[in-house]
Protein chains: 2
Amino acid sequence: MRTIWARQALLPQGWAEGVAVAIDAAGRIAAVSRAPAAPEGAETRAILLPAVANLHSHAFQRAMAGLTERRGPDPRDSFWTWRHLMFRFLDQLTPDDIEAITAFAQLEMLRAGFASVAEFHYLHHAPGGVPYADPAETSARIAAAAQRTGIGLALLPVLYEHGGCDGRPLGPGQVRFGTTPEGFARLAEGAARALAPLPPDAGFGIAPHSLRAVSRPGLAAAVALRPDRPIHMHLAEQPAEVAEVQAAWGARPGEWLLANAPVGPRWCLIHATHLDAAEIAGLAGSGAVAGLCPITESSLGDGIFAATGWRAAGGAIGIGSDSNIRLGLAEELRTLEYSQRLRDGARAVLATPAQSTGRVLYQAALAGGAQALGRASGAIAAGNWADLVALDPEAPDLWGRAGDGILDAWIFAGDNAMVADVWSAGRHVIAGGRHAAEGPIWAAYRAVMARLIGA
Amino acid sequence: MRTIWARQALLPQGWAEGVAVAIDAAGRIAAVSRAPAAPEGAETRAILLPAVANLHSHAFQRAMAGLTERRGPDPRDSFWTWRHLMFRFLDQLTPDDIEAITAFAQLEMLRAGFASVAEFHYLHHAPGGVPYADPAETSARIAAAAQRTGIGLALLPVLYEHGGCDGRPLGPGQVRFGTTPEGFARLAEGAARALAPLPPDAGFGIAPHSLRAVSRPGLAAAVALRPDRPIHMHLAEQPAEVAEVQAAWGARPGEWLLANAPVGPRWCLIHATHLDAAEIAGLAGSGAVAGLCPITESSLGDGIFAATGWRAAGGAIGIGSDSNIRLGLAEELRTLEYSQRLRDGARAVLATPAQSTGRVLYQAALAGGAQALGRASGAIAAGNWADLVALDPEAPDLWGRAGDGILDAWIFAGDNAMVADVWSAGRHVIAGGRHAAEGPIWAAYRAVMARLIGA
């Protein structure tokens, strides 16, 4: 049993001064108690928060950051031209590359203050669609990366059946993703096996890619596969996607799910960007989490999520780093809030009379992330995994701050440099802002990048 | 004469490998030449860029960062409720406070990659509107801060006559700003005198605050005061401001200027947010710089600038850090581009067939900043001040990159941590990512904050 004592900590009932958090050998919080001074042998910190779960990542895409800003031959650059580049880029990756890039992205997630990640992964086969000897090769590589970084992992193997709503075959850039529903069941079993070497906080979920890429029976089979596990699906990132679904499935994506799928609290709807009023009311009320990826959704020109309407309808939200072009929890949250401000011509849009903007955003990301990963986390409470963040009290904008003002300073005036320590299920993965394995993880990533960019 | 040799440098004619930049004792670039290897005695760097000028700052507002996220009694939080908080906050500041906060903000500007700043300052009098013994007290304090940080300063004393377009008296939060046109002429002289202790790259300009705060004769007198100097004015940050101007002046702000003022290349129009098509065409064509402050304009819910239309009309743009809630040049530029993407549902919106998004943004900020400050800078060229930035070639997203890919990586995947060195008019103000006077500047700022936030 170890104890971390904090001068200020964010507890489920609110901010508290003088808090001792006891952590057991498995990495769970054993007890939380008030203590005016640090108990003997305790590690002490100034500011302690529950850590947020990153609910959506395609780790491989980290390697494309900054490489897609040249205009292609298309007169209009868009999500769709970017997706074409992304398919071509991913097609070069070997399993070693995947492991190296994933470890580097996870390292950056930890430095950004995330303690866990849901990895939504579809690069199932070798180039050309040739199966790997182990069908869960990619799952195993992602798990190996998590073993090196210590991040809390939720593996989300993806069902990807065809190249569009009309059932067209996979394009050349997609053949590495393809699975039948039967093959997917084996992948999901493989993902569960791939977690065996990891600590017990690791988990997995089921990820039918989107209504663009799955069939009705495929979706039904995937949803039925593991009724105890989270279900993640891309929902409505782009207007063209909504139109395609509407034409082929006879309804908008959210509308179709509400009428035909058991959408509810175990669902995480990624990119709930283009919803109409009925979809907002229905999906928010279902208890599903809206999986928002504000930086990526800005970078890809997806559009502005209806956060105010969704929250007014009681909807849950969480944060994903998606393309990983920037890893920053504070930056994700302020990007979300600022998108609402730009749309509405208003300030402190998500604040409530009782809680500041930063507090509302952080609390929502804690709850939504934990729910989406099916991970006992999101609060400093006995029984949860010890997913914790300590902020640097000497950072200029944190010095002398208390309560919600700490979160406001981190989210609106701060960045990753304020993150001093991160514990993932009790593993002290970031200390003094650094990870113990930074050197080798960066060296392996650099070797991959040297080949990919021809440097 | 000193020489900096760079493996890659951005020159007016484009990227070049092996560039020697000779800098004279005054801090001007004496010569730029191609050299395959570093000349003897040269400092060497991997990546050298011209540094951008920050064209709009209210340094004092830095101290409010993260402190305005609690909802006030107003049901709707907005620019206007924030402005009320800001007036109250500024009313507590002494000249010592101003100097300490300004130095800290300038330090962060330099670490963000800016080499110079236009300080738009209106805190002319003591609390209650009581004149200081030296009417240019604030100018002197800002100049003193610049002397400590080494930033290239353009002082912009502000003409602020009344509390609204209807000529109403200054409110209690505004009495420290008030000047008559005659008083303003003395302030402008005082600003010029306050620059005397600074190196010769320092300059000043004239800042009629906005059509909300000046009279017709006041504006005309200010514009006529120094025909050789830049004129900076807030233009159209909020819809309510446009409506107020329209009611009182008989035209929208840009429309009125086009018809009644000699708007042209020496003008910098801050917050050109709410313009109609005729204003875009007229003002862009006038040669004026649109002074954009993307982070602040997001934070205050101002709205999305029509960057695509403005650029298509040949308009110049530059970047200001305004409220200084975050100091980040890369973050400002990507916030600008992302606002366009969210509005248009497109990517690489400001890219051209010849130049990547990052290159277009950076080049525009260089040219617009230099023009707005009236500062010989914005390009590595003989005769300009040696305003330079060296980026860290070991940063993960810069490693192995070349040409425009460097700017894309910094702006879209990077942040201030990539800034290794900054020279302002040859003064080596940032080295290894740090400023030599960080310790005392931070200590002085902290002492001010301790009082202001009651810590």
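Being a predicted model, the structure only gives us computed values, none of them experimental. (Residues numbered from 1 in each chain as written. Chains lettered and ligands numbered in written order. Predicted model: local features only at pLDDT ≥ 70, side-chain atom pairs only at ≥ 80, totals over all residues. Heavy atoms only, no water.)

Caption draft 1: Quick peek at the domain arrangement of chain A. All names here are of chain A. Domain annotation for chain A reports domain 1 (2–49 + 380–439) and domain 2 (52–373). For domain 1 versus domain 2, the separation of C-alpha centres amounts to 28 Å. Between domain 1 and domain 2, the residue contacts involve 27 residues of the former and 33 residues of the latter. The largest per-residue losses of area from domain 1 upon contact with domain 2 belong to Ile411, Phe412 and Asn416, which jointly make up 26% of the total buried on that side. Inspection of the region where domain 1 meets domain 2 yields 3 salt bridges. Between Arg427 and Asp201 there is a salt bridge, with its nearest N and O atoms 2.9 Å apart. (Domains from an automatic or database assignment. Contact = heavy atoms within 4.5 Å. Buried area = accessible area lost by both parts, 1.4 Å probe. Salt bridge = Lys/Arg side-chain N within 4 Å of Asp/Glu carboxyl O.)

Caption draft 2: Molecular detail of the sheet that holds strand S13 (residues 316–319) of chain B. Residue and element names in this part refer to chain B. Pairing is parallel in the open sheet, where 4 strands are placed in the order S10-S11-S12-S13. Each edge of the open sheet is held by one strand with a lone partner, namely strand S10 (231–234) and S13. If you compare each strand with its neighbour and ignore which way they point, the axes differ by 25° on average. Strand direction decides the pairing type here: strand S11 (residues 267–270) and strand S12 (residues 289–292), joined by 3 bridges, are parallel. What sits directly across from Leu269, in S12, is Ala290. On top of the sheet, helix H12 (residues 357–373) reaches S10, S11, S12 and S13; it is set at about 85° to S13, its chief contact. (Pairing = 2+ DSSP bridges. Helix = DSSP H or I, 4+ residues; strand = E, 2+ residues; numbered from the N terminus. Axes fitted to C-alpha atoms, helices over the stretch in contact; angles between N-to-C directions.)

Caption draft 3: Spatial organisation of the sheet that holds strand S16 (residues 427–430) of chain B. All names here are of chain B. One open sheet accounts for 7 strands, arranged S3-S2-S1-S4-S14-S15-S16; its pairing is mixed. Among the strands making up the open sheet, the edge pair consists of strand S3 (29–34) and S16. Shown here is a sheet whose adjacent strand axes are inclined to one another by a mean of 35°, direction ignored. Pairing of strand S14 (residues 388–391) with strand S15 (residues 419–424), which is carried by 4 bridges, proceeds in the antiparallel orientation. Directly across from Leu391, in S15, lies its bridge partner Val419.

Caption draft 4: Spotlight on the interface of chain B and chain A. In this assembly, 59 residues from chain B lie in contact with 59 residues from chain A. Interface of chain B and chain A: buried area, both sides summed, is about 5200 Å²; carbon and sulfur atoms make up 51% of it. Contact with chain A buries area across many residues of chain B, yet Glu69, Leu342 and Arg347 of chain B alone supply 17% of it, more than any other trio. Along the contact surface separating chain B from chain A lie 14 salt bridges. Across the salt bridge formed by Asp77 of chain B and Arg347 of chain A, the nearest N and O atoms sit 2.4 Å from each other. Where chain B meets chain A, there are 36 residue pairs in polar contact (both at pLDDT 80 or more). At the level of secondary structure, the elements contributing two or more residues to the side of chain B that touches chain A comprise helix H1 (79–90), helix H9 (294–299), helix H11 (329–344), helix H13 (404–413) and helix H14 (438–453) of chain B. Per element, the largest residue contribution to the side of chain B that touches chain A is 7 residues, and it comes from H11 of chain B. (Polar contact = N/O pair within 3.5 Å; in protein donor to acceptor, adjacent residues only side chain to side chain.)

Caption draft 5: Representation of the relation of the copies chain B and chain A. Relative to chain A, chain B is turned by 180° and slid 0.0 Å along the rotation axis, the superposed coordinates differing by an RMSD of 0.0 Å. The symmetry that links the two subunits is that of a two-fold axis. No C-alpha of chain B lies nearer the rotation axis than that of Ser339 of chain B, which sits 4.1 Å from it. Take the interface residues of chain B: 100% of them recur as interface residues in chain A, which is what a same-surface contact looks like. (Least-squares fit on C-alpha atoms with pLDDT ≥ 70 in both.)

Caption draft 6: Focus on the nonpolar core. Counting residues in each nonpolar core, the largest one holds 143 residues, and the members touching the most others are Tyr362 and Trp410 of chain A. Per-element tally for this core: the top contributor is helix H2 (residues 95–111) of chain A, with 9 residues. If we skip the residues at most four places from it in the chain, Tyr362 of chain A touches Leu10, Leu49, Pro50, Ala51, Val52, Leu329, Leu333, Val389, Leu407, Trp410 and Ile411 of chain A. Judged by nonpolar contacts, the second largest core, of 141 residues, contains Val52, Phe184, Leu219 and Val422 of chain B. (Core = buried A, V, L, I, M, F, W, Y, C linked by side-chain atoms within 4.5 Å. Buried < 20%, exposed > 50% of the residue type's maximum accessible area, 1.4 Å probe, protein only.)

Caption draft 7: Looking closely at the pattern of salt bridges. Applying the stated criterion to the full structure yields 64 salt bridges over all chains. Among the salt bridges present, the one from Glu69 of chain B reaches Arg341 of chain A, with a minimum N-O distance of 2.8 Å. In this pair, Glu69 of chain B is assigned in the loop between strand S5 (52–57) and H1 and Arg341 of chain A in helix H11 (residues 329–344), connecting two distinct chains. Of the two residues examined, Glu69 of chain B and Arg341 of chain A, each falls in the buried class. Of the charged contacts, one joins Arg226 of chain B and Asp228 of chain B as a salt bridge, the two residues approaching to 3.1 Å between their closest N and O atoms. Residue classification places Arg226 of chain B among the partly exposed residues on the basis of a relative accessible area of 29%. Given the relative accessible area of 51%, Asp228 of chain B is considered exposed. Via salt bridges that share partners, Arg326, Glu331, Arg334 and Asp415 of chain A together with Arg326, Glu331, Arg334 and Asp415 of chain B belong to a single interconnected network.

Caption draft 8: Representation of the packing of aromatic side chains. Counted according to the given criterion, the structure contains 28 aromatic pairs over all chains. Residues Phe60 of chain A and Tyr122 of chain A carry aromatic rings whose centres are separated by 6.3 Å and whose planes lie at 80° to one another, so their mutual orientation is edge-to-face. Of this pair, Phe60 of chain A sits in the loop between strand S5 (52–57) and helix H1 (79–90) while Tyr122 of chain A is found in the loop between strand S6 (114–121) and helix H3 (137–149), placing the two residues 62 residues apart along the sequence. Note on accessibility: Phe60 of chain A and Tyr122 of chain A belong to one class, buried. A centroid spacing of 4.7 Å and a plane angle of 85° characterise the contact between Phe79 of chain B and Trp80 of chain B, whose relative ring orientation is edge-to-face. The buried category is assigned to Phe79 of chain B, whose relative accessible area is 5%. Since its relative accessible area comes to 26%, Trp80 of chain B is described here as partly exposed. (Phe/Tyr/Trp six-rings, centres within 6.5 Å; stacked < 30°, edge-to-face > 60°.)

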